[in-house]
Each structure stands twice: as C-alpha cells, then as structure tokens.
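Descriptive analysis of the structure
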Amino acid sequence: METVGQMTLSIKTDYTALPGPRFRKQGPKSGEEFRETILEPRFKDAQQKGETILVDLDGGYGYGTSFLEESFGGLARIYGVEPVSKTLTFKSDDEPYLIDDIRRYIRDCRGKPK
Amino acid sequence: MLALHEFWSDVRKIKNWAKYQSWQAARRKKYLYRHRISVFKLKIRRGSTQGVQLAKSAKRKDRLEPETVRAPALFSLLDNPDELLEFLRLVDQKLRTRHLFIDMSGITMLTAEAVAAFVAVMKSLKHENVKIQGNLPSSPSLAAKLEDFGFYDQVVPPKSFTPARQAAMKGTILLRGNQFKVEKDNTVQAEIAGKMVDFARQLFPGDLHKGVFTMFMEATTNTVEHASKTVQPMRWVAGAYFDKERNVMSFTVIDRGVGILNSVKFQHALGALWGRVAWDAGEKLRQLFLGNMRSRTQEPHRGLGIPGAFTAYTAGRIADLAIISNHGFAHARADRYMELRTAFDGTIIYWEA
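Residues numbered from 1 in each chain as written. Chains lettered and ligands numbered in written order. Predicted model: local features only at pLDDT ≥ 70, side-chain atom pairs only at ≥ 80, totals over all residues. Heavy atoms only, no water.

**Quick word on the overall build of chain A**
Applicable threshold: By the criteria applied, helices consist of DSSP H or I runs no shorter than four residues and strands consist of E runs no shorter than two, each listed in order from the N terminus. The globule rule is 2.2 Å times the number of residues to the power 0.38, and the radius of gyration it is compared with is taken over C-alpha atoms. Categorising residues by exposure relies on relative accessible area from a 1.4 Å probe, with only protein chains included: less than 20% of the type maximum marks a residue as buried, more than 50% marks it as exposed, and the intermediate range marks it as partly exposed. The contact rule is simple, with two residues in contact once any of their heavy atoms fall within 4.5 Å. Here the accessible surface of atoms and residues is derived via Shrake-Rupley with a 1.4 Å probe, and residues count as covered only by protein chains that are part of the display. Positive charges come from Lys and Arg, negative ones from Asp and Glu, while His and the chain ends are left out of the count. To locate a charge, the coordinates of NZ of Lys, CZ of Arg, CG of Asp or CD of Glu are taken.
When helices and strands are tallied, chain A shows 5 helices and 3 strands. Counting from the amino terminus, chain A carries its helices and strands in the arrangement β-α-α-β-α-α-β-α. Taking 13 Å as the expected radius of gyration for a compact globule of 114 residues, we find that chain A reaches 13 Å, a close match to that expectation. Summarising its shape, the C-alpha atoms of chain A cover approximately 35 × 30 × 25 Å along the three principal directions. Here chain A, with 114 residues, has 54% of them falling under the buried criterion. Taking contacts inside chain A between residues at least 6 apart in sequence as the whole, the part at least 24 apart equals 71%. Counting only carbon and sulfur atoms, one obtains 49% of the accessible surface of chain A, whose full area is about 5200 Å². Measuring between centres, the 18 positive side-chain charges of chain A sit 6 Å from its 19 negative side-chain charges.

Have a look at this one:
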C-alpha cells in the first residue's frame, strides 16, 4: 500500500517477471541493468524529494541471490548502507524471507562499487 | 619449430637432467602454442597411443567397428556415483576416437537423474563425427522407463525421425511423454528458467515453490561465471523431468568446466591450510554448502549462490540438493559427503521439488 511520501517500484511491472543474473555480460535482465536503469534513478529521485520507495517483489517467477545482491547491495556500495536502508522498504508476500535476505545484502555490502 | 642452429645452441646450454626436462617441457608447450593443437592431436600425430588403435581423423572413425561400453547395473547418480561417473568418463573418452555401442542390457536399476546426466554429457560432447548405438535394458519395465524418460528423443538424431515426429520437436525444446525437457546455453537465461518452471508446473501436482526458479538461476550463474578457464563463458545443459513413480519433479544443470572445487577458495588462511591437509573433496563441498568457501573472485559479497541453495534446502523450499564436482560428492538429503574414485570434469547440480 502506497502512503504519502512513498513511491512504489514493482519489479514485475516496472522491469521483468523473469529477473536474470548479476551482471549484464552474464545474460539478459540482470541485476546490474535493473540497478542502473530503474533503481538508481528512482532512488535519487526519492532522496531529492525526501520520500521512501516501497519495492514490491511479488508476482515474478523468483529471484537469484546474485540479482538481489547486485541490485540492492550494489546500490548500498555506491550510496552507503544507511541512506539505502532508510529509503528502501520491501514487500514480498510470496517469499517473505527475501526481505531479510535483501536487508542482509545491504548491511553486508562490502568491496568496491562495480 | 626451432631452427636447427637454435636447437643446438639450446642443447649446449643444458647442464643436467632436470634442466633438460624443463627445457623439453617448455619447448613442447611452445610447440603446442605455435601450432594451436591439443595434446590429444599431438599424441595422434606422434602415434604414442599405447597400442590403442585410433582414428586419425573424424571421418576415419567410420572404418572402425564401434566399441562396446557396458552401462553399470545400478544406473543411478545418487546411489552409485562412482560407477556411473566412470561410465560417463569412458563414453566421453572413447568417443574421441571410436563410435560407440552402449550395452544397457545389464541395467537393473534406472533413475531419472542418471539419465539426465547421461543425456547432458552427450549433449556437451565436443568431438566430431559422433555415433552412438545401444540396446535396451533386458527388463521390459526398465526399457519402458527409459523410453518414458524420453531418452531416445534426446539421443537419436532428429533426421531419422518421421516428419510428424520432427514437427513435434521444433526448436530446442525436446519433449517426450510430457516428462522430459532439455535446454542448453552459455549465458544465464531467466527466460529458459521460466520455461522450465512452466513445464514443471504443468506436470507437478502440487504448488511449485519459487525456490525452483531461484535454484535454476544459481546453478546456471555458477556455470557461466565460474566454470570456464578462459573469459569465454561455459555452456550448460539443463534437464527437467517428472518422475511419475516417485511423484517428484527433478532438475539437473550440468557443465563440463573446471568444476566447483577448482573455482573456490577457502575463506580463512587457517581454513585453507586445514582444508589442504585434512578435508577430502566431499568435506570441501559440505563446507561450500555451509558458506565456508568463497568465490575465486575474492569479493566478499560474491559466492552466495551455492550456500543460498543449501539454505533453500534446509528451509524446505526445495526437496533435495546434490552436487557432484571434480572428486566431490555431496547429497544434502542423505547427508552424504564423500570423495569419489572417478572425477567428473565439471559440475552436476541436481535438485528436486
């Protein structure tokens, strides 16, 4: 449910129902592509407006860990753990454990940004 | 080749046997590199094949009688990995030089994952002019089962099929009795994973967990990212099949790359030392399941796929998980981790829904 000061980003409707691998070179619909083309612009937009983004993970076929790590962990590697944790909230009725997994990827993101 | 004067000047510099050997090795390596030929072809050129008659070209295979290879009685990857892998190795090795006749008459037990592995190995052969013949298992029920798995549709060249049968096998999707599906690629294709899941959903009576799609992505990413020695991605072959007897949907992803154990590193220095000293290949795979080994990329946020797959198994999102790679065998449901006598050059990832 979208509230005031909150944008919604549905991976299925805004990107694909069949999320792919981590990097573009590995195959189509990658986490890297999702982060660069969809997530990052929305994240910047939300930060400028002081809003949060509700990321809806439902409706697709499922997610590989690399896709989620590169999308959300990758974003945290660029913009920092705290801003990303504060800006992004998640909804997953189909696979509720994904929310904890993504939070862990954001928290444990280390290494250089790609 | 070296010019004669270069050769003699090099020979004069060699003072002892060790130096001579290392010089010979370097020279041979240089020769292989210059002529871009494989060690195998070099052997054929020199005739050093230990008395075994080899076809010197792909076409000459046709002049020789097909060689018979007996399939193991227990044709199961999970219950009899050593014998089955030895069989697959023999098939792969002998097909380089001869046409084969696979004697399946002695099979007393047949499981779907072994058939999938056999099909995948045959689909990933790189040899030229391959012809494989074979017979049926003696037991009529096993022969029917093999037919039912769609084995013949996978191994018989489509040219020999009737036009109606060829029409039913359009594209890369091969179906028989709506039970078996094989796909192959060298990139991670979520679309193919989606097709596999759709195929499984048609047959599987229960609700198929999304973990199946996730597993497919993990397995193929693992191949594309880590299986190749070079920058070229490695091709994977995937099979999905429905085992009517056990009411189980099974999936297999196979690659013929370097193998998982050659592409991961131990997480800590102590682990690395201890691992080299005390862990066998099975234990290494167990440690990989537990997340104690990591990707060769050395990046801390990478290498989440296989531990994630094991977590999916322990959380009940998939019903079984097995990995066979190099000398390692790991079967999560049976809690069986062991070192195999015969290595598999590549990785087999098997899971059930």
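**Brief notes about the pattern of salt bridges**
All names here are of chain A. We apply this condition: Salt bridge, as applied in this entry: a Lys or Arg side-chain nitrogen positioned within 4 Å of an Asp or Glu carboxyl oxygen.
What the rule picks out here adds up to 24 salt bridges over all chains. Among the salt bridges present, the one from glutamate 70 reaches arginine 77, with a minimum N-O distance of 3.6 Å. Each of Arg22, Arg35, Glu40, Glu69, Glu70 and Arg77 takes part in one network of salt bridges that share partners.

**Some remarks on the pairing of strand E2 (residues 52–56) of chain A**
Residues and elements named next belong to chain A. For clarity, the threshold we go by: Strands are treated as partners if at least two bridges between them are detected by DSSP.
Buried residues dominate E2, accounting for 4 of its 5 residues. As judged from the 5 bridges shared by strand E1 (residues 6–10) and E2, these two strands associate in the parallel manner. Bridge pairing links serine 10 to aspartate 56 in E2. Alignment of E2 against strand E3 (residues 88–91), held across 4 bridges, turns out to be parallel. The residue bridging valine 55 from the neighbouring strand is phenylalanine 90, located in E3.

**Some points on the sheet that holds strand E5 (residues 132–134) of chain B**
All names here are of chain B. Spelled out, the test is: Axes here refer to lines fitted to C-alpha atoms; in helices the fit is confined to the stretch in contact. Angles between the N-to-C directions go from 0 to 180 degrees.
Strand order in the open sheet formed by 3 strands is E1-E3-E5, with parallel pairing between adjacent strands. This sheet does not close on itself; its edge strands, each paired only once, are strand E1 (67–70) and E5. Taking each pair of neighbouring strands and ignoring which way they run, the sheet shows an average axis angle of 30°. Pairing analysis gives 3 bridges linking strand E3 (residues 100–103) to E5, with the strands arranged parallel. Directly across from phenylalanine 101, in E5, lies its bridge partner glutamine 133. Each of E1 and E3 touches helix H4 (residues 81–94); the most contacted strand, E1, lies at about 165° to it.

**Re the interface of chain B and chain A**
For the record, the criterion: Buried area is a sum: the accessible area each of two parts loses on coming together, probed at 1.4 Å, counted once for each and added.
Listed as interface residues are 26 residues of chain B and, on the opposing side, 26 residues of chain A. Across the chain B to chain A interface the summed buried area is about 2100 Å²; carbon plus sulfur atoms make up 55%. Linking aspartate 94 of chain A and lysine 210 of chain B is a salt bridge whose minimum nitrogen-to-oxygen distance equals 2.5 Å. Those elements that provide at least two residues to the side of chain B that touches chain A are helix H9 (190–203) and helix H10 (211–227) of chain B.

**Quick word on H9 of chain B**
Put simply, the rule is: To estimate how far a helix should reach, multiply one less than its number of residues by 1.5 Å.
Counted at 1.5 Å a residue, the expected span for H9 of chain B with its 14 residues is 20 Å, and the 20 Å between its end C-alpha atoms agrees. Buried within H9 of chain B we find Ala190, Ile192, Ala193, Gly194, Met196, Val197, Phe199 and Ala200 of chain B.

**Observations regarding the sheet that holds E3 of chain A**
Hydrogen bonds along the backbone pair up the strands of a sheet, which may run parallel or antiparallel. All names here are of chain A. Here 3 strands make up an open sheet; going across it, the order is E1-E2-E3 and the pairing parallel. The open sheet has two free edges, formed respectively by E1 and E3, since each of these has just one partner strand. Neighbour-to-neighbour, the strand axes of the sheet open up by a mean angle of 25°, direction not taken into account. Seen against the sheet, helix H2 (residues 31–49) touches E1, E2 and E3 and runs at an angle of roughly 170° to E1.

**Overview of the environment of asparagine 135 of chain B**
All names here are of chain B. To be explicit about the condition: Distance and chemistry together define a polar contact, namely a pair of N or O atoms within 3.5 Å, with one atom able to donate a hydrogen and the other to accept it when in protein, and with adjacent residues in sequence counting only for side-chain atoms on both sides.
Note on placement: asparagine 135 falls in the loop between E5 and helix H6 (140–148). For the pair asparagine 135 and aspartate 103, spaced 32 residues apart in sequence, the C-alpha separation works out to 5.7 Å. Residues contacting asparagine 135, with those up to four places away along its chain left out, are Phe101, Ile102, Asp103, Met104 and Ser105. A polar contact of 3.0 Å, which involves the side chain of asparagine 135, links it to the side chain of aspartate 103.

**Focus: the packing of aromatic side chains**
For the record, the criterion: For Phe, Tyr and Trp, rings pair up if their centres lie within 6.5 Å, where Trp contributes its six-membered ring, and each pair is then called stacked (planes under 30 degrees apart), edge-to-face (over 60) or tilted (otherwise). Cation placement over rings: the criterion is NZ of Lys or CZ of Arg within 6 Å of the ring centroid and within 35° of the ring normal.
Counted according to the given criterion, the structure contains 16 aromatic pairs over all chains. For the pair tyrosine 63 of chain A and phenylalanine 67 of chain A, a centre-to-centre distance of 6.0 Å together with 35° between the ring planes defines the contact as tilted. Each member of the pair, tyrosine 63 of chain A as well as phenylalanine 67 of chain A, carries the same accessibility label: buried. Between phenylalanine 75 of chain B and phenylalanine 118 of chain B the ring centres are 6.0 Å apart and the planes differ by 70°, which places this aromatic pair in the edge-to-face class. Highlighted residues: phenylalanine 75 of chain B in strand E2 (residues 74–75) and phenylalanine 118 of chain B in helix H5 (residues 112–123), separated in sequence by 43 residues. As far as the burial class goes, phenylalanine 75 of chain B and phenylalanine 118 of chain B line up, both buried. Put simply, the rings of Tyr15, Phe34, Tyr63, Phe67, Phe72 and Phe90 of chain A touch in pairs and so form one group of aromatic residues. The positively charged end of arginine 22 of chain A is found above the aromatic ring belonging to phenylalanine 23 of chain A, 5.8 Å away from the centroid. In this arrangement the basic side chain of lysine 29 of chain A is found over the ring face of tyrosine 15 of chain A, its NZ or CZ atom lying 5.0 Å from the centre.

By themselves, these are just geometric observations and shouldn't be taken as functional.
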